[in-house]
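Commentary on secondary and tertiary structure
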Amino acid sequence: MAASAAFVAIPAKASTFNLVVDYTCTGGIAGSSEVKLKARVQIPTAVQVGSMLKLGWSIEHANTPRFISPDYYAEGARMSLVGNVKLAGAWNGTLEAHGSEDQAALKPNQPLVAPEGLSSEAHMTKEGVIKLTPQEMTVDFVPPAGEVIVNNDDPRMKYDAGWAHSGTTRPEYGDHLRDVHTTSTRTDEAVIRFRGTGFEYIGREMPDVGRVRVIVDEDASAIVDPTKDSSGNPTNATKGNISLWERKDLPYKEHVVRIRAIDEGKDVHLDAFKLHTREMIDPPTEHRSTCRVTSNPDAVEITVGSGPSSSPDPSGTPPISPDPTPTQTNTSTPGPTTATTPPNRHVPWPSTSHVVVVVPGSSKTPTPTAKTTPGPTATNYKAAQVDTTPLGGVDTGEAPEQVAGGSYALIAGGSLLLMGSAAGGLLVRRRRAGHAGGTD
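Conventions used here
- Residues numbered from 1 in each chain as written.
- Predicted model: local features only at pLDDT ≥ 70, side-chain atom pairs only at ≥ 80, totals over all residues.
- Heavy atoms only, no water.
- Phe/Tyr/Trp six-rings, centres within 6.5 Å; stacked < 30°, edge-to-face > 60°.
- Helix = DSSP H or I, 4+ residues; strand = E, 2+ residues; numbered from the N terminus.
- Buried < 20%, exposed > 50% of the residue type's maximum accessible area, 1.4 Å probe, protein only.
- Pairing = 2+ DSSP bridges.
- Core = buried A, V, L, I, M, F, W, Y, C linked by side-chain atoms within 4.5 Å.
- Contact = heavy atoms within 4.5 Å.
- Polar contact = N/O pair within 3.5 Å; in protein donor to acceptor, adjacent residues only side chain to side chain.
- pLDDT = per-residue confidence, 0-100.

The next point concerns the packing of aromatic side chains. In the structure shown here, the tally under the stated rule is six aromatic pairs. Between the aromatic rings of Phe 199 and Trp 245, the centroid separation amounts to 5.9 Å while the plane-to-plane angle is 40°, which identifies the pairing as tilted. Of this pair, Phe 199 sits in strand 13 (residues 198-205) while Trp 245 sits in strand 16 (residues 239-247), and the two are 46 residues apart along the sequence. The class for Phe 199 is buried, based on a relative accessible area of 0%. When its relative accessible area of 23% is taken as the criterion, Trp 245 is described as partly exposed. Every member of this aromatic cluster is reached through a ring pair, and the members are Phe 194, Phe 199, Tyr 201, Trp 245 and Phe 273.

Take a look at the structure:
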């Protein structure tokens, strides 16, 4: 009987619903195209004081253009999304949802792998109505920290006509990948463009070669003499794969480095460049894409209830609220007082233990009340762009309609049948005992 009463007290209700938001992203790693995203924000329909308001986001592309890599990068670059939801009413501020995805080695304009979901949560510490409004989303790209070697024959290298590739060099020279580019024409340049925070010019130390001017962006002050070692002493041997000059204090952005021959008729060698990127605390702003809301969804309101005011009965039986039906007492003859209760009596669902939801398309905002009602408190959903998923039900888009007295009357009737059967059994046993023991 207690189990039947407890089952009657629990109404069917939806656990979450999805608010669909469309975004259009421009700038940064979106390139010259507009990248369109569709976000489904999962909002809970039952929040109490002391619990967590958790929003889950699923992200998918709505068109062909994708976010793209701005340059060459080693494995480990990261793409991150931050979704924002404005909170107003009982809570004021912005709730951020974060998600990120690490990338494999990248080339310029290669599509990036976007995170499939975001998550956020906030601790509910007081009652009240909260209005949630989707805001802009930001998409960032963080390059991996570390260093990458670009060989002299890489497509990123650009040479004037006087430069020539050496072919395979002698192993005792120790050149990187056993090759170099060489020129003896004054003012000939080799150029590389890269994004990073530093570089090293890799070449040869050897006697009787020409000097080199290293130009970083517009700074042409650096001059390198490969005939001397790192201590400034003249060298008498050929050593390849040597860092002849370096700069590691550059701001992260695109840089242009030129290697220019100074002395006419003397060879200048270029073996490779070692490109550096230091670890960054904040994502580079030049890669940031901004995603504006284009579906123009309305705000969503939820009410944070106080929850149960007392601890549950250890016996497992739900507390019985005052019966709204007047008690009928039979006073025709002296004897015990008999109370008659309607057969469909049940324990009402606490109205402050779940959320009142106003979704896009509703005409007015319902006001939560603490009034006790004889039936279960129900939440009605009318959605435009809202996918409702009932708890334990089929994903049809709406919570099941409440049929007045249907299931409750059926279960209550079954309970009465159960009690009648038990009472009949007791009467039969008493009559058998009377026959067995005589009239006394």
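Moving on, we get to the sheet that holds strand 11 (residues 181-183). Working definition: the strands of a sheet are paired by backbone hydrogen bonds and lie parallel or antiparallel to each other. Read from one edge to the other, the open sheet built from three strands follows the order 10-11-18, with strand pairing classed as antiparallel. A strand with exactly one partner marks an edge of an open sheet, and here the two such strands are strand 10 (164-165) and strand 18 (268-270). Looking at chain direction, strand 11 and strand 18 are connected through three bridges and run antiparallel. Among the inter-strand pairings, Thr 182 is bridged to a residue of strand 18, identified as His 269.

Before going further, it helps to spend a moment on the nonpolar core. One finds Leu 37, Ile 43, Leu 55, Trp 57 and Phe 67 to be the most contacted residues of the largest nonpolar core, which totals 44 residues. When residues of this core are traced back to their parent elements, those giving at least two are strand 1 (14-26), strand 2 (35-44), strand 3 (52-61), strand 4 (78-89), strand 5 (93-102), strand 6 (117-123), strand 7 (128-142) and strand 21 (300-304). Once you skip the residues sitting within four places of it in the chain, Leu 37 turns out to touch Val 21, Asp 22, Tyr 23, Cys 25, Ile 59, Glu 60, His 61, Ala 62, Phe 67, Leu 81, Met 137 and Cys 291. Membership of the second largest hydrophobic core comes to 22 residues, among which are Val 150, Ala 190, Val 216 and Leu 270.

The next subject is the side chain of Asp 263. Within the secondary structure, Asp 263 is located in the loop between strand 17 (253-261) and strand 18. There is a polar contact of 3.0 Å between the side chain of Asp 263 and the side chain of Arg 211. Ignoring any residue separated from it by four or fewer positions in sequence, one finds Asp 263 in contact with Ser 184, Arg 186, Gly 210 and Arg 211.

When you line up the elements, His 269 lands in strand 18. Exposure remark for His 269: the relative accessible area of 8% places this residue in the buried category. Excluding residues that lie within four positions of it along the chain, His 269 makes contacts with Val 180, His 181, Thr 182, Tyr 201, Gly 203, Arg 204, Met 206 and Val 209.

Turning next to the confidence of the model for the chain. Per-chain confidence: the chain averages 78 in pLDDT, with 70% of residues scoring 70 or above. Of the regions scoring below 50 in pLDDT, residues 1-14 engages in 27 contacts with residues more than four places distant in sequence or in other chains.

In this section: the sheet that holds strand 15 (residues 219-224). Read across the open sheet, the five strands follow the order 9-12-17-14-15; overall the sheet is antiparallel. Lying at the two open borders of the sheet, with one neighbouring strand each, are strand 9 (158-159) and strand 15.

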